Amino acid sequence: MELNLSAVLDSWRFLLSGLGVTLLLAAGVTVLSLFSGTLLALGRLYGPRWLSAVIVFYIDSMRAIPVLVVLVWVYFALPIATGLNLPPFWSALLSLSAHLAAYVAEVVRAGIQSVRPGQVRAGMALGMTRAQILRKIVLPQAVVRMLPAFGSLLSLAVKDTAIATVIAVPELMRRADAVAGQTYAPVEVFTTVMILYFIVIFPLTRGIDMIYRRISFLGRS
Amino acid sequence: MTDTLVKLPQGFALPEVVIEYRDVRKQYGEFVALAGVNLEVRRGQVVCLIGPSGSGKSTLLRCTNGLETMTSGEVYFDGMPLSKDPRKTRLIRQRMGMVFQNFELFPHKTALGNIMMGPMTVLGLSEEQARTRAEALLAKVGLSDKAGNYPANLSGGQQQRVAIARALAMEPEVMLFDEPTSALDPETIGEVLNVMKRLADDGMTMVVVTHEMTFARRVADHVVVFANGQIVEQGPPEQIFDAPKTTRTRDFLSHLGWDG
């Protein structure tokens, strides 16, 4: 088999701008899902009972529905059901974040609950309020303890963007599909795509693991 | 506040009562942890609570600052009953320092940062004021050179001394110690007890749950013996250790190998 590298080289700008969209989408999903997932976890742990019931239901359903189904539903069904018509990129951002937030919520909850109750008692004994204890004692330690799990979530955030191709978000996968179709060089193009994803994600997870090994003592009570 | 049986000479007054426990009961389901405890702690006194594990002494200590809720009874601090209102409870906690068996230092803060936490978040001191106070306290517990260390890089004895400094940073009127040396290696117990001894010499009111009989014998003004959630005997250390009045106390002490 002969490799047709020009198929890749001729359209590297096109592919790279796709990677740019992928990274932008992944960054957006990361920020949004971290923010909303943390709120979900706090609501579940400290909110009134009805709120935590609603949140548990939300988390369970998001974990039971494939992310592709959420994405397709937001893009094709949401406009008809509610009249809210989002462009592809925003549909992807919303659905991927909503999905990942459920996993973030579980990680945050586990992190918070893993902090020893004695730490809370130490804060109480100083006369701190519940909110102060959460903000200054529990959360900082929980964040450190969550780091390894966040590494996996971060890689999921990047990888999941690839399915946005089905609603024509011009991200890396979509672009690669187009190039492969025009050049009849799927081996070269998709191998390149694989390598690109790897180059982005591998240092992310490794880096977080390295940081964790350095600072894990900050969460060890 | 209480009637004394002995008629005291004129002009002589016992120091005022700081903490008073009135018929304190605590039940966990069927298990009775405290079966009606009455006790007074006076200003400047060092009161040691001793007795077998599970006899209720730590539970009583935790009821003092509301870390544990009582099933019934009252705890008075400076004449005020411990309230269900969280704001009032916090105000009382600020005036009582507490030291835990497992230190419970904040792992994400340095020794100095641990001590500054209370003054900055609760008392509203500026960072600079809190730092000055923390540095003085670190010197007091002999750990000035460890200011920048995280708890992970301190020995057990050092961690417990930082924990004492952290409690003192709130300038409490009373210090509560919950088995402060039970989690320590034998060789570091002494350094913690020394700090506590100095604190007692400075006139701090202290309630100490301990298994260190030598410490109780030497430092306590008043020793309280617990068994099965009740006080079986209390009195000055000479009485408890040299001439115990109840068989329960004798059994407990002989079980520990105490021979006076």
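Above this text sits the structure in question.
Residues numbered from 1 in each chain as written. Chains lettered and ligands numbered in written order. Predicted model: local features only at pLDDT ≥ 70, side-chain atom pairs only at ≥ 80, totals over all residues. Heavy atoms only, no water.

**Q** What is the right way to look at the overall build of chain A in this model?
**A** What chain A contains, in helices and strands, is nine helices and zero strands. Scanning chain A from its N terminus toward the C terminus, one meets helices and strands in the order α-α-α-α-α-α-α-α-α. Here the C-alpha coordinates of chain A stretch approximately 70 × 45 × 25 Å along the principal axes. Across the 221 residues of chain A, 44% fall into the buried class. Expressed as a percentage of contacts within chain A between residues at least 6 apart in sequence, the contacts between residues at least 24 apart total 77%. For chain A, the accessible surface area stands at approximately 11,500 Å², while carbon and sulfur atoms represent 70% of it. Separation of charge centres in chain A, based on 18 positive and 9 negative side chains, amounts to 23 Å. (Helix = DSSP H or I, 4+ residues; strand = E, 2+ residues; numbered from the N terminus. Buried < 20%, exposed > 50% of the residue type's maximum accessible area, 1.4 Å probe, protein only. Contact = heavy atoms within 4.5 Å. Areas by Shrake-Rupley, 256 points an atom, 1.4 Å probe, with all protein chains shown as cover. Lys, Arg positive; Asp, Glu negative; His and termini not counted. Charge placed at Lys NZ, Arg CZ, Asp CG, Glu CD.)

**Q** Quick question: what am I supposed to make of the interface of chain B and chain A here?
**A** The parts lose accessible area when they come together, and the size of an interface is often stated as this lost area. Contact with chain B, which involves 23 residues of that partner, is made by 22 residues of chain A. Between chain B and chain A, the buried area comes to about 1,900 Å², and carbon and sulfur atoms account for 67% of it. Contact with chain A buries area across many residues of chain B, yet B:Glu104, B:Pro107 and B:His108 alone supply 28% of it, more than any other trio. Counting every contact that joins chain B to chain A gives one salt bridge. Two residues, A:Arg116 and B:Glu104, come together in a salt bridge whose shortest N-O distance is 2.6 Å. (Buried area = accessible area lost by both parts, 1.4 Å probe. Salt bridge = Lys/Arg side-chain N within 4 Å of Asp/Glu carboxyl O.)

**Q** What exactly am I supposed to notice about the packing of helix 2 (residues 12-46) of chain A against helix 3 (residues 49-64) of chain A here?
**A** Packed helices, taken two at a time, are described by their axes: the angle between them and the distance between them. Residue and element names in this part refer to chain A. Following both chains from N to C, one finds helix 2 and helix 3 inclined at 135 degrees, their axes separated by 7 Å at the closest point. If you check the angle between helix 2 and helix 3, you find them oblique. You can see that helix 2 and helix 3 cross each other, and the crossing is left-handed. Contacts between helix 2 and helix 3 involve Leu40, Gly43 and Arg44 from the former and Leu51, Ser52, Ile55, Val56, Tyr58 and Ile59 from the latter. Its residues assigned to classes, the contact of helix 2 with helix 3 comprises six nonpolar, two polar and one charged. (Axes fitted to C-alpha atoms, helices over the stretch in contact; angles between N-to-C directions. Parallel < 35°, antiparallel > 145°, perpendicular 65-115°, else oblique. Left-handed = near helix turned anticlockwise from the far one by under 90°. Nonpolar A, V, L, I, M, F, W, Y, C, P; charged D, E, K, R; others polar.)

**Q** Honestly, the pairing of strand 6 (residues 96-99) of chain B in this entry has me stumped. Any pointers?
**A** Along any regular strand the residues' side chains alternate between the sheet's two faces. All names here are of chain B. Every second residue of strand 6 is oriented toward a common face, with Met96 and Met98 on one face and Gly97 and Val99 on the other, all of them buried. Two strands pair when backbone bridges link them, and strand 6 and strand 7 (residues 174-178) are joined in this way by four bridges, in the parallel orientation. Bridge pairing in strand 7 links methionine 96 to valine 174. (Pairing = 2+ DSSP bridges.)

**Q** How do you make sense of the sheet that holds strand 6 of chain B when you look at a structure like this?
**A** Hydrogen bonds between backbone groups are what pair the strands of a sheet, and the pairing can be parallel or antiparallel. Residues and elements named next belong to chain B. Taken in spatial order, the six strands of this open sheet run 6-7-8-3-9-10, and their pairing is mixed. The strands lining the two open edges of the sheet, one partner per strand, are strand 6 and strand 10 (230-235). Each strand axis lies, on average, 15 degrees off the axis of its neighbour in the sheet, ignoring direction. Running over the sheet, helix 9 (residues 247-255) touches strand 3 (46-50), strand 9 (222-227) and strand 10 and is turned about 85 degrees from strand 10.

**Q** I'm lost on helix 2 (residues 86-94) of chain B in this one. Help?
**A** Side chains that are three or four residues apart share a direction in an α-helix, a result of its 3.6 residues per turn. Along helix 2 of chain B, the positions that sit buried rather than exposed are B:Thr89, B:Ile92, B:Arg93 and B:Gln94. Buried residues in helix 2 of chain B make contact with helix 6 (117-125) of chain A together with strand 4 (72-77), strand 5 (80-81) and strand 6 of chain B. With a side-chain oxygen positioned 3.0 Å from the backbone nitrogen of B:Arg87, the residue opening helix 2 of chain B is B:Asp85. (Polar contact = N/O pair within 3.5 Å; in protein donor to acceptor, adjacent residues only side chain to side chain.)

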